[in-house]
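# Structure assessment
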Amino acid sequence: THGVMTLTQRSRSWIRNVLKPKFGVDVRHPEWEIPPAPEATWRLSDLLPGYIYQAYGSYTLHPEDPGWYEVDLLATTVAGVQGTFPLPLPRLSVTGFGVTLIR
């Protein structure tokens, strides 16, 4: 199982076009990989109707940019069967960096 979390283009533009001119910040780390086991904890659900499985994973990421991240996942079973998130990809909002801007 492997996952990727990527800062959306809209969020990258917001950082570069709105925040950078005002505060001098820039995009720092727009892509994150969610590694396979054993680094990340993954498990598959029991078989659901329609021969569908759900993959559950747990991994701690520390995003360095505020904004929306799209999450993509490629799950591969031991038998070689692959599955992905259905479109549209899930989006995670990252806020609350606790930064105080001083003029």
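Refer to the structure presented above.
I will try to describe carefully the structure that is included in this document. (Residues numbered from 1 in each chain as written. Predicted model: local features only at pLDDT ≥ 70, side-chain atom pairs only at ≥ 80, totals over all residues. Heavy atoms only, no water.)

## Concerning the side chain of arginine 12
Inclusion rule: Secondary structure elements are defined from DSSP: runs of H or I of at least 4 residues count as helices, runs of E of at least 2 residues count as strands, and each element is numbered from the N terminus. Here a polar contact is taken to be a pair of N or O atoms separated by no more than 3.5 Å, where protein atoms must pair a possible hydrogen donor with a possible acceptor and residues adjacent in sequence count only if both atoms sit in side chains.
By the secondary structure assignment, arginine 12 is in helix H1 (residues 9-23). Separated by 3.0 Å, the side chain of arginine 12 and the backbone oxygen of leucine 7 make a polar contact.

## Some words on the nonpolar core
For clarity, the threshold we go by: Working definition of a nonpolar core: buried Ala, Val, Leu, Ile, Met, Phe, Trp, Tyr and Cys residues. They are joined through side-chain atoms within 4.5 Å. Whether a residue is buried, partly exposed or exposed follows from its accessible area with a 1.4 Å probe, protein chains only, as a fraction of its type maximum: under 20%, in between, or over 50%, in that order.
Met5 and Tyr69 are the most contacted members of the largest nonpolar core, which totals 14 residues. If you list the elements that add at least two residues to this core, you get strand E1 (2-7), H1, strand E2 (31-34) and strand E5 (67-76). Tallying contributions element by element places E5 first for this core, with 3 residues.

## Things to note about H1
Worth spelling out the cut-off: In this analysis, the expected span of each helix is defined as 1.5 Å times one less than the number of residues it contains. Bend is the name given here to the angle between axes fitted to two runs of seven residues, the run ending at a residue and the run starting at it. Any two residues whose heavy atoms approach within 4.5 Å are treated as being in contact.
End to end, H1 covers 20 Å across 15 residues, agreeing with the expected 21 Å (1.5 Å per residue, within 8%). Within H1, the axis deviates most sharply at isoleucine 15, by approximately 25°. What H1 keeps buried is the set Ser11, Arg12, Ile15 and Leu19. Turning to H1, the residues buried within the fold contact E1, E2 and E5.

## Focus: the side chain of aspartate 65
Spelled out, the test is: Neither His nor the chain ends contribute to the count of charged residues, in which Lys and Arg are positive and Asp and Glu negative. By definition here, a salt bridge exists when the distance from a side-chain nitrogen of Lys or Arg to a carboxyl oxygen of Asp or Glu is within 4 Å.
Mapped onto the elements, aspartate 65 comes out in the loop between strand E4 (55-58) and E5. Of the side chains with opposite charge, arginine 28 lies nearest to the buried aspartate 65, which makes no salt bridge, at 5.9 Å. Only 2.8 Å separates the side chain of aspartate 65 from the backbone nitrogen of arginine 28, close enough to count as a polar contact.

## Focus on the pattern of salt bridges
Scanning the model with the defined rule gives 4 salt bridges in all. The partner of aspartate 26 in a salt bridge is arginine 16, with the nearest N and O atoms 3.5 Å apart. A residue pair is termed long-range when its members are at least 10 positions apart, and aspartate 26 in the loop between H1 and E2 and arginine 16 in helix H1 qualify at 10 residues. Overall, aspartate 26 belongs to the partly exposed group, its relative accessible area being 32%. For arginine 16, a relative accessible area of 41% corresponds to the partly exposed category. Two residues, glutamate 64 and arginine 28, come together in a salt bridge whose shortest N-O distance is 3.6 Å. Here glutamate 64 is found in the loop between E4 and E5, whereas its partner arginine 28 is found in the loop between H1 and E2, with 36 residues between them in sequence. It is possible to trace a salt-bridge network through shared partners that takes in Arg16, Lys20 and Asp26.

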